[in-house]
Amino acid sequence: MTEFKALVLTEQDGKVAAGFATRRIEELPPGAVLVRVRWSTLNYKDGMILNGLGRLVRSYPHIPGVDFSGTVEESASPDWRKGDEVILTGWRVGEARWGGYAQYARVPAEWLVRVPDGMTAKRAMTIGTAGFTSMLAVMALERHGVTPQAGEVLVTGAAGGVGSVAIAILARLGYRAVGSSGRPETHDFLKSLGAAEIIDRATLAVPGKPLQAERWAGAIDAVGGTTLATVLAQMKYRGSVAACGLAGGSELNTTVIPFLLRGVNLLGIDSVMSPLPERQEAWRRLAADVPADLLDSLAETIPFAALPDYGGKILKGQTRGRVVVEIDG
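Definitions and cut-offs
- Residues numbered from 1 in each chain as written.
- Predicted model: local features only at pLDDT ≥ 70, side-chain atom pairs only at ≥ 80, totals over all residues.
- Heavy atoms only, no water.
- Helix = DSSP H or I, 4+ residues; strand = E, 2+ residues; numbered from the N terminus.
- Rg over C-alpha atoms; globule rule 2.2 N^0.38 Å.
- Buried < 20%, exposed > 50% of the residue type's maximum accessible area, 1.4 Å probe, protein only.
- Contact = heavy atoms within 4.5 Å.
- Areas by Shrake-Rupley, 256 points an atom, 1.4 Å probe, with all protein chains shown as cover.
- Pairing = 2+ DSSP bridges.
- Axes fitted to C-alpha atoms, helices over the stretch in contact; angles between N-to-C directions.
- Lys, Arg positive; Asp, Glu negative; His and termini not counted.
- Salt bridge = Lys/Arg side-chain N within 4 Å of Asp/Glu carboxyl O.
- Polar contact = N/O pair within 3.5 Å; in protein donor to acceptor, adjacent residues only side chain to side chain.
- Right-handed = clockwise from strand over helix to strand, strands pointing away.
- Parallel < 35°, antiparallel > 145°, perpendicular 65-115°, else oblique.
- Left-handed = near helix turned anticlockwise from the far one by under 90°.
- Nonpolar A, V, L, I, M, F, W, Y, C, P; charged D, E, K, R; others polar.
- Patch = residues over 30% accessible without salt bridge, like charges linked within 9 Å, V, L, I, M, F, W, Y side chains within 5 Å.

A tally of helices and strands in the chain yields nine helices and 15 strands. A compact globule built from 329 residues would reach a C-alpha radius of gyration of about 20 Å, and the chain, at 20 Å, matches this within 12%. For the C-alpha atoms alone, the extent of the chain along its principal axes is close to 60 × 45 × 35 Å. The buried share of the chain, reckoned over its 329 residues, is 53%. Taking the contacts inside the chain whose residues are at least 6 apart along the sequence as the reference set, 71% of them involve residues at least 24 apart. Per element, the accessible surface of the chain, about 14000 Å² overall, is 49% carbon and sulfur.

Pairing between the strands of a sheet is mediated by backbone hydrogen bonds and can be parallel or antiparallel. The six strands are arranged β10-β9-β8-β11-β12-β13 in an open sheet whose pairing can be described as parallel. Edge positions in the open sheet fall to β10 (197-200) and β13 (265-268), since each of these has one partner strand only. Each strand axis lies, on average, 20° off the axis of its neighbour in the sheet, ignoring direction. The pairing of strand β8 (residues 153-155) with strand β11 (residues 216-221) spans three bridges and is parallel.

Looking at the secondary structure, you find R322 in strand β15 (residues 322-326). Buried within the structure, R322 lacks any salt-bridge partner; D67 is the closest side chain of opposite charge, at an N-O distance of 4.5 Å. Within the local environment of R322, its side chain forms a polar contact with the backbone oxygen of I127, the two atoms lying 3.0 Å apart.

This paragraph deals with the pairing of strand β12 (residues 235-243). As judged from the five bridges shared by β11 and β12, these two strands associate in the parallel manner. Bridging from a neighbouring strand, W216 pairs with M235 of β12. Note on the crossover from β11 through helix α5 (residues 225-233) to β12: the handedness is right-handed. The sheet contact formed by β12 and β13 spans four bridges and is parallel. Within β13, the residue paired with A242 across the bridge is L267.

A few words on the pattern of salt bridges. Inspection of every chain in the model, using the stated rule, returns 18 salt bridges. Connected via shared salt-bridge partners are E152, R176, E197 and R215.

In this structure, P61 follows Y60 across a cis peptide bond, with omega equal to 0°. For P61, the location among the structural elements is in the loop between α1 (44-50) and β4 (67-75). For R55, which is not glycine, the phi dihedral falls at a positive 50°. Positive phi outside glycine occurs at W91, with the angle close to 60°. Along the chain, the position of W91 falls in the loop between β5 (85-89) and β6 (104-107). For W91, a relative accessible area of 17% corresponds to the buried category.

Here we take up α5. The element α5 is extensively covered by neighbouring structure, given that eight of its nine residues are classed as buried. Every buried residue of α5 is listed here: G225, T227, L228, A229, T230, V231, L232 and A233. Where α5 is buried, its residues contact β8, β11, β12, α6 (257-261) and β13.

Right, let's get into the packing of helix α2 (residues 121-143) against helix α3 (residues 161-172). Where α2 meets α3, the axes come as close as 8 Å, and the angle between the chain directions of the two elements is 50°. Accordingly, the angle class assigned to the pair α2 and α3 is oblique. At the point where α2 passes α3, the crossing takes the right-handed sense. Note on element contacts: α3 touches α2 through G161, V162, V165, A166, I169 and L170, opposite A130, G131, S134, M135 and V138. Taken together, the residues of the contact of α2 with α3 break down into eight nonpolar, three polar and no charged.

Let us now look at a nonpolar patch on the surface. On the surface, a nonpolar cluster with roughly 330 Å² of combined accessible area is contributed by V256, L260 and L261. Assignment of secondary structure puts L260 in helix α6. Its relative accessible area of 64% is what places L260 among the exposed residues.

Without other data, these values stay purely geometric and don't point to any function.
Here it is, written out as structure tokens:
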């Protein structure tokens, strides 16, 4: 097969448009491994790219999709053979390089991770970049001494992709996970994932004192902005916040007081350039710590043809959990 179907973004007069088109294998960027893409996902970043926001893409035409799973079709690397099931997240694929919203992708061999034992390629994308980021955040909290015995762990943006998987992981590991959400219709969903309590996101989205009553031993924040500032003010002594999103804004107006008087840790989580050993450990943990049936309940699966309509939905908070895209059914 020399041609394949892809979702292609074009730009004219500063406006970005998405449409399906046929491309040739020879047009793909260089790389040692050609992957037949089976599944991808819709992440918040994908929504931004599909709508031409944030100048994340600088060159058009462009194939978006920041993650994918599938099978190796051709390999010039001794690490991979035809038929191997693989996962790709990060490395600016879908931004600076053509991504997973296509039936084929070509990438460097070292960017791929093997689908772990006990997990399917589809379930890998039920987790996707968002869930992978969640596990990196949990691992960072663990490294900084946040244990189930230390106290409650807050998850902001709990109904989103990062937040929902984070709730599921924390509950599975024995933490008392508290979700923050502004959508009452998601509360039953979050409790089914293991959330012990749901608080209204509005209580965190207003400026307050630099130090407030101590509550959280740890936090995973996918919102940023005022919410992150409030969370920092409510951390327990030597508590840690893993920051991994900016759905509520990229600015952080706070003081150094929580860091100086309570020894609070603010941990930055980067899933894009995460080194291979950390990636492999995160995926091993995801296969072990997130039950398969729970994964299935996290996801809505959509056909490739429906993808453009969902790009705006995720930016408006109209999706729940994970959106898995069937690329090559």
